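Below are the chains, spelled out letter by letter.
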Amino acid sequence: MALENQVKIEQSKIRNFCIVAHIDHGKSTLADRIIEKTGLLTSREMQAQVLDNMDLERERGITIKAQAVRTVYKAQDGEEYIFNLIDTPGHVDFNYEVSRSLAACDGAILVVDAAQGIEAQTLANVYLALDHDLDVFPVINKIDLPSAEPQRVIEEIEDVIGIEAQDAPLISAKNGINIEEVLEQIVTKIPAPKGDPNAPLKALIFDSLYDSYKGVIVFCRIMEGTVKKGTRIRMMATKAVEEVVEVGYFGAGQFIPCEELSAGMVGYITASIKNVKDTAVGDTVTDNDNPCDEPLPGYKKVQSMVYCGMYPADGAKYPDLRDALEKLQLNDASLNYEPETSIALGFGFRCGFLGLLHLEIIQERLEREYNLDLVTTAPGVIYKVHKTNGELIELTNPSNLPDPSEIEYMEEPIVSAEIMVTSEFIGSIMELCQERRGRYLGMEYIEGTRALLKYELPLNEIIYDFFDALKSRSRGYASFDYDIKGYEESKLVKLDILINREEVDALSFIVHADSAYERGRRMCEKLKDEIPRHLFEIPIQAAVGGKIIARETVKAMRKDVLAKCYGGDISRKKKLLEKQKEGKKRMRQVGNVEIPQKAFMSVLKLDDKN
Amino acid sequence: MGERESELYIHIPFCVRKCKYCDFLSAPADAQVQNAYMEALLEEVRESADDIGVPALRENGRGTWENAVRPGQDKVTSIYIGGGTPSVVDPVWMEKLMACIREHYRVAEQAEITIEVNPGTVTRESLMRYRHVGINRLSIGCQSTDDKELARIGRIHTFAQFRDTYRWARETGFTNVNVDLMNALPGQIMADVERNLERILGLDPGPEHLSVYSLIVEEGTPFYRMWENGEFEAKGMELPDEEQERAMYWRTAELLRSYGYAHYEISNFAKPGYESRHNSGYWQRRDYLGFGLGAASLYENTRFSNTGNLHEYLSYWGNRRAEAAWARGAAKTEKAASERVAPGSEETAGYRSDRRNERTEEQDIERIRVQMEALSVQDAMEETMFLGLRMAEGVSAAAFRERFGCGPETVYGEELRESIQEGLLERKESAAGGENGKGISEGDVRYVLTKRGVDVSNYVMAKFLRDT
């Protein structure tokens, strides 16, 4: 344990690795077992999942922020090895973060579910790992399931991915079966890091965390050179320069300071940095006084892909929302926001996210950790609007779309998607992609019964509910992964919604011209269900460029009466009335119509089949 | 201490068979369960006369032995035996119940004493026995006058059986009879509603009181499942929509008015002087104690309910009954023992037995008396508004002022103004004196729901709840 402080660690005794897997194949559980078996934690300290320490993560079963842990393993050869396990996010929203975490590793464990075999994310992640020149060895998990077919899965791995899998450990991470074998293979199959400790400093930032006491804690992998207290470091992309206050490594759930970090090591640096924006994931840290000649490859500026408006349900809470966003941003450089005003919703923020999951996480954190009641508008992507005067607008809020007469043309982001599906559902999945304006690129059979479908899809068609639709149309068998491909010209229009003849800006959204009518019609139907009856009749209309294309009517409230009172049970009656009152509180007044907050998200549910 | 008026509600949670729309706390049960229940119920009635069993009230010195105000000293002006179907229980229990009540509570001579009965569960003889123990008002569940309709909603009786029951009621001397009817039944059209009303109004003499409720398809009932599965439509028995239901409601009111009934509460109609005292008590916030499974109470501005769990109810009151018997026996033995043994030990013995009782009771009473809520002035004001508005006479500004020290305009100015503007509420000024002259001597202002206000009464009432 105290190894670090006294003895220089030999590079040959370090193993930097990560675990890649499809969602639910057991990545986090295996990570827990590795930490447990290497004895760093007593079982008493073991929470169900050590790496996922945010409540939200536990609930969703996915890992959001990359984290790392260092453990010590005494191998069968009698030597002690340092394991740096770097956890990677498990969702396509965070693909860039995944790639940076992988770049910090020398090898990867590929976990495949013995019953389900290879899935879309398995492939996406393993290719990503191979692209980063990682040595990958497979592990077959959940072998204790009755439906486990380890031999079939081994063959599948060899056929499809083309890596040796015959001696893959057959394990059950959940029940702790054969974990030793995994630990030994980490030693034998994952290479030790390389790099010259005396070269100019070159370290890769794979994550960072804001701590109110230490400032930003930079998670990094030292590629070349050495960093210690007092080193004046420079972030090569953001150009921030600071003096190092502390370096150290990752105990389980704690930071353990040490003398220095040298080539091959994984650890953290603090340097009284105030903002995570200065420590962008993928940036290179170097010594300001003895810089390396070029940064590590692969750095990209994070870019929000999905935008939505966030408003406090109670207008008076606007400053609270601003403070909360500010705090969240300290720790999340990929979240950005700027103030905006909606006629319907008042003062709020237009917020940018990596993807819909990221959006949902932020939304939930605002609601739970900051006790805010939010109204969120329909998420959209960034459209490029080329105006006739040559100006280019990056549109994140549909309300800001210029008059059609000023628009030359518009572009929207396109993704390349890979969908893995069993052959019986190919038809229905292709149909779904067609409905979502997908462009079919091709199909590969993985084995007799499964195929990999390749499509190009507009991002705005998949950000809402594509994943759900995919699951429901394949009875959960399809899996999905995508990459942003670029922008393409598209015939887009703004669909406006009028409630009681008043345009509700927060309900406007951008849609492809061909589906405007259909969407408008469904939107009206949806809103008709969402908006409660009032004392008067309320027309709901959809319009494109001032022309009404669909209409529904919320009839006037005919009755709202509860005749019976149960044997004097006044409390019950009062509760009913309170519920009604509470319901009203969750509404937004637009003109003289009360619109429930969730109606502003209705556009998301337009494709519900039932 | 001045005399206070209070009411008793007795819940009998048994019936022959659940009707398809019923979400009340009621179920069929064999005689053994019924007997055990009635024993427990009697125990509750007995014990509550001395101690209501609400710790909060005890702490305030309002529910204990020593203090002056206790239920036994209130004047009970109304007793209501409801269900379920109270008439499924052997009439001997009503005799015991009434005797028990009279032993432990001061029942006013003119008290209104009602029992709910259903055709098919009463005989001329059982009605006679109810009469003999002083029950003076009968509420008969008729619901419809059409046998097909009755069968469709799962009633156990025919219209002919209702007519028998009604005739026996008159023959045995009931001069205050209520008939329950239901509107908006599956497949019902306006003509059916009119037919039902006309048949009931054609009885000679007609009932003194009518309760007409519209069917509400409640979650957890067979009707709810049928509605979810679209079975009503499939059978061509669609539920009347809101428009039709409202038309039926107002047609009912119109017809009954033409026959001389006052529409004195949202769903209730009465010949002059026959308004149900008991139900009016709920709307006027008179104190009432509810006995039996799930029964609700309002006492000393505290609302509470009994547990709805039959097992808990039976075991608690069953134990209390056994303990009471034990204590009576033990007192005798201890007295005998203390006469023989040295002085001083008597105290110890007494202490021990007290402790034993106290512990079990304190633990269990919380399980039996549930949803205890001490009402704040705010709560009381809210209730005064939303309960008062159920009645045709509405909320009296003078009574409000007398009770709370300020008028409803002070507290609810905006809500009242808004509701009047929306055409849902009416401000009525009445001349000095009033009809019965009771309480309010000067000219009064009353806030009353308009017809439209009645239709959307929840909307109006919810306004008077303050944000929490």
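Definitions and cut-offs
Residues numbered from 1 in each chain as written. Chains lettered and ligands numbered in written order. Predicted model: local features only at pLDDT ≥ 70, side-chain atom pairs only at ≥ 80, totals over all residues. Heavy atoms only, no water. Helix = DSSP H or I, 4+ residues; strand = E, 2+ residues; numbered from the N terminus. Buried < 20%, exposed > 50% of the residue type's maximum accessible area, 1.4 Å probe, protein only. Contact = heavy atoms within 4.5 Å. Areas by Shrake-Rupley, 256 points an atom, 1.4 Å probe, with all protein chains shown as cover. Pairing = 2+ DSSP bridges. Axes fitted to C-alpha atoms, helices over the stretch in contact; angles between N-to-C directions. Buried area = accessible area lost by both parts, 1.4 Å probe. Salt bridge = Lys/Arg side-chain N within 4 Å of Asp/Glu carboxyl O. Polar contact = N/O pair within 3.5 Å; in protein donor to acceptor, adjacent residues only side chain to side chain. Nonpolar A, V, L, I, M, F, W, Y, C, P; charged D, E, K, R; others polar. Expected span 1.5 Å × (residues − 1). Arc of directions from axis to C-beta. pLDDT = per-residue confidence, 0-100. Phe/Tyr/Trp six-rings, centres within 6.5 Å; stacked < 30°, edge-to-face > 60°. Lys NZ or Arg CZ within 6 Å of the ring centre and 35° of its normal. Core = buried A, V, L, I, M, F, W, Y, C linked by side-chain atoms within 4.5 Å. Parallel < 35°, antiparallel > 145°, perpendicular 65-115°, else oblique.

Caption draft 1: Spatial organisation of the overall build of chain A. Looking only at helices and strands, chain A has 14 helices and 33 strands in total. When each of the 610 residues of chain A is scored for burial, the buried share is 57%. Excluding contacts between residues fewer than 6 apart, the proportion of contacts in chain A whose partners are at least 24 apart in sequence is 69%. Summed over all atoms, the accessible surface of chain A reaches about 25500 Å², with 47% contributed by carbon and sulfur.

Caption draft 2: Representation of the overall build of chain B in the model. Counting secondary structure elements, chain B contains 18 helices and 15 strands. Evaluated residue by residue, chain B yields a buried proportion of 53% over its 468 residues. Of all intrachain contacts in chain B linking residues separated by at least 6 positions in sequence, the fraction that spans at least 24 positions is 72%. Here chain B has roughly 21000 Å² of accessible surface; of this, 48% comes from carbon and sulfur atoms.

Caption draft 3: Focus on the sheet that holds strand β5 (residues 135–141) of chain A. All names here are of chain A. Reading across the sheet, the five strands line up as β2-β3-β1-β4-β5 and stay open at both edges, with mixed pairing between neighbours. The open sheet is flanked by β2 (67–74) and β5, the only strands paired with a single partner. Neighbouring strand axes in the sheet, compared pairwise and without regard to direction, differ in orientation by 30° on average. The pairing of strand β1 (residues 14–21) with strand β4 (residues 107–113) spans five bridges and is classified as parallel. Residue pairing for β4: Cys18 is matched across the bridge by Ala108. Relative to β5, helix α7 (residues 179–189) is tilted by about 170°, and along the sheet it contacts β1, β2, β3 (80–87), β4 and β5.

Caption draft 4: Summary view of the interface of chain A and chain B. Taken together, the contacts link 27 residues of chain A with 39 residues of chain B. Buried area between chain A and chain B, both sides added, is near 3300 Å², and the carbon and sulfur share of it is 56%. At the junction of chain A and chain B, the tally comes to seven salt bridges. We note a salt bridge from A:Arg558 to B:Glu243, for which the minimum N-O separation is 3.2 Å. Linking chain A with chain B are 16 residue pairs in polar contact (both at pLDDT 80 or more), by the criterion used here. When its residues are assigned to classes, the side of chain A that touches chain B shows nine nonpolar, four polar and 14 charged.

Caption draft 5: How the structure looks around helix α8 (residues 318–331) of chain A. Residues and elements named next belong to chain A. In a regular helix each residue adds 1.5 Å, so 14 residues correspond to 20 Å; α8 covers 21 Å between its end C-alpha atoms and thus fits that length. Taken residue by residue, α8 has Tyr318, Leu321, Ala324, Leu325, Leu328 and Gln329 as its buried positions. Seen from one end, α8 has its buried residues packed into an arc of 135°, which puts them on one side. Considering only its buried residues, α8 is in contact with β16 (306–312), β17 (336–342), β18 (346–353), α9 (356–369) and β19 (374–376).

Caption draft 6: Fine view of the sheet that holds strand β15 (residues 444–449) of chain B. All names here are of chain B. One open sheet holds the three strands; their spatial order is β13-β15-β14, and the pairing between them is antiparallel. In this open sheet, the two strands that pair with only one neighbour each are β13 (395–396) and β14 (425–430). When β13 meets β15, the two strands line up antiparallel, connected through two bridges. In the sheet register, Ser396 faces β15, and the bridge partner there is Arg446. Where helix α16 (residues 408–421) meets the sheet, its contacts fall on β14 and β15, and the angle it forms with β15 comes to roughly 45°.

Caption draft 7: View of the pattern of salt bridges. With the rule as written, the count across this model stands at 71 salt bridges over all chains. Salt-bridge contacts for B:Arg246 lead to B:Asp455; the nearest nitrogen and oxygen are separated by 2.7 Å. Here B:Asp455 lies in helix α17 (residues 451–455) and B:Arg246 lies in helix α10 (residues 242–258), a separation of 209 residues in the sequence. A single burial state applies to B:Arg246 and to B:Asp455, both of which are buried. Residues joined in a network through salt bridges with shared partners are A:Arg558, A:Lys559, B:Glu243, B:Glu245, B:Arg246 and B:Asp455.

Caption draft 8: Layout of the confidence of the model for chain A. Summary statistics for chain A give a mean pLDDT of 86 and a share of 91% for residues scoring 70 or more. Throughout residues 41–49 of chain A the model reports pLDDT below 50, and contacts reaching past four residues in sequence, or to other chains, amount to 15 contacts.

Caption draft 9: Region of interest: the packing of aromatic side chains. For the structure on display, the rule yields 29 aromatic pairs over all chains. For the ring pair A:Phe480 and A:Tyr482, a centre distance of 5.6 Å and an interplane angle of 40° mean the geometry is tilted. Of the residues examined, A:Tyr482 reaches a relative accessible area of 12% and is grouped as buried. For the ring pair B:Tyr282 and B:Trp283, a centre distance of 6.2 Å and an interplane angle of 70° mean the geometry is edge-to-face. Judged by relative accessible area, B:Trp283 falls into the buried class, the value being 6%. These aromatic residues form a ring-pair network of at least three members: A:Phe206, A:Phe219, A:Phe250, A:Phe255 and A:Tyr268. Over the aromatic face of B:Trp250 sits the side chain of B:Lys451, whose NZ or CZ is 4.7 Å from the ring centroid.

Caption draft 10: Local environment of the environment of B:Glu39. All names here are of chain B. Summarising the element assignment, Glu39 is placed in helix α1 (residues 31–50). Look at Glu39 and you get partly exposed, because its relative accessible area is 25%. Along the backbone, Glu39 and Leu97 are 58 residues apart, and their C-alpha atoms lie at a distance of 9.4 Å. Setting aside its immediate chain neighbours within four residues, Glu39 contacts Trp93 and Arg321.

Caption draft 11: Spotlight on the environment of B:Tyr282. Here B:Tyr282 shows up in helix α11 (residues 277–284). The spacing of B:Tyr282 and B:Leu387 is 105 residues in sequence and 7.7 Å in space, taken between C-alpha atoms.

Caption draft 12: Structural detail: the nonpolar core. The biggest cluster of nonpolar side chains holds 114 residues, and the ones touching the most others in it are B:Ile79, B:Ile81, B:Ile101 and B:Leu210. No other element matches α1(B), which puts seven residues into this core. Among all residues touching B:Ile101, those that are not within four sequence positions of it are B:Leu8, B:Ile10, B:Val45, B:Ile79 and B:Val107. In terms of nonpolar packing, the next biggest core, distinct from the first, is built from 53 residues, A:Leu335, A:Ile393, A:Ala451 and A:Ile510 among them.

Caption draft 13: A look at the pairing of strand β10 (residues 296–299) of chain B. Side chains B:Ala296 and B:Leu298 of β10(B) all project onto a buried face; the interleaved residues B:Ser297 and B:Tyr299 project onto the opposite face, where all are buried too. In this antiparallel pair of consecutive strands, β10(B) and strand β11 (residues 302–306) of chain B, the connection spans two residues, and B:Glu300 shows a positive phi of 50°.

Caption draft 14: Looking closely at the side chain of A:Gln185. Residues and elements named next belong to chain A. Structurally, the position occupied by Gln185 is in helix α7. Judged by its relative accessible area of 9%, Gln185 falls in the buried class. Of note is the side chain of Gln185, whose polar atom sits 2.9 Å from the backbone oxygen of Asp167. If near-sequence neighbours (up to four positions away) are discounted, Gln185 is found in contact with Phe137, Asp167, Pro169 and Ile190.

Caption draft 15: How the structure looks around the packing of α1(B) against helix α3 (residues 91–104) of chain B. Residues and elements named next belong to chain B. It is the contact of α1 with α3, at a shortest axis distance of 9 Å, that shows an interaxial angle of 10°. The angle between the axes of α1 and α3 places the two elements in the roughly parallel class. Facing α1, whose interface residues are Asn35, Met38, Glu39, Leu41, Leu42, Val45, Arg46 and Ala49, α3 presents Trp93, Met94, Lys96, Leu97, Cys100, Ile101 and His104. A per-class count over the contact of α1 with α3 returns 10 nonpolar, two polar and three charged.

Caption draft 16: Just the environment of B:Arg401, in detail. All names here are of chain B. Tracing the sequence through the fold places Arg401 in helix α15 (residues 397–404). On the accessibility criterion, Arg401 (43% relative accessible area) is partly exposed. Those residues in contact with Arg401 that sit more than four places away from it in its chain are Cys406, Gly407 and Glu409.

Caption draft 17: Just the confidence of the model for chain B, in detail. Residues and elements named next belong to chain B. Within chain B, residue pLDDT values average 86, and 84% of them lie at 70 or more. With pLDDT under 50 throughout, residues 337–359 is counted as low confidence; its partners more than four residues away or in other chains account for eight contacts. Contacts of residues 433–437 to residues separated by more than four positions or lying in other chains number two contacts, the stretch itself having pLDDT below 50. Reported for the predicted complex are a pTM of 0.63 and an ipTM of 0.78.

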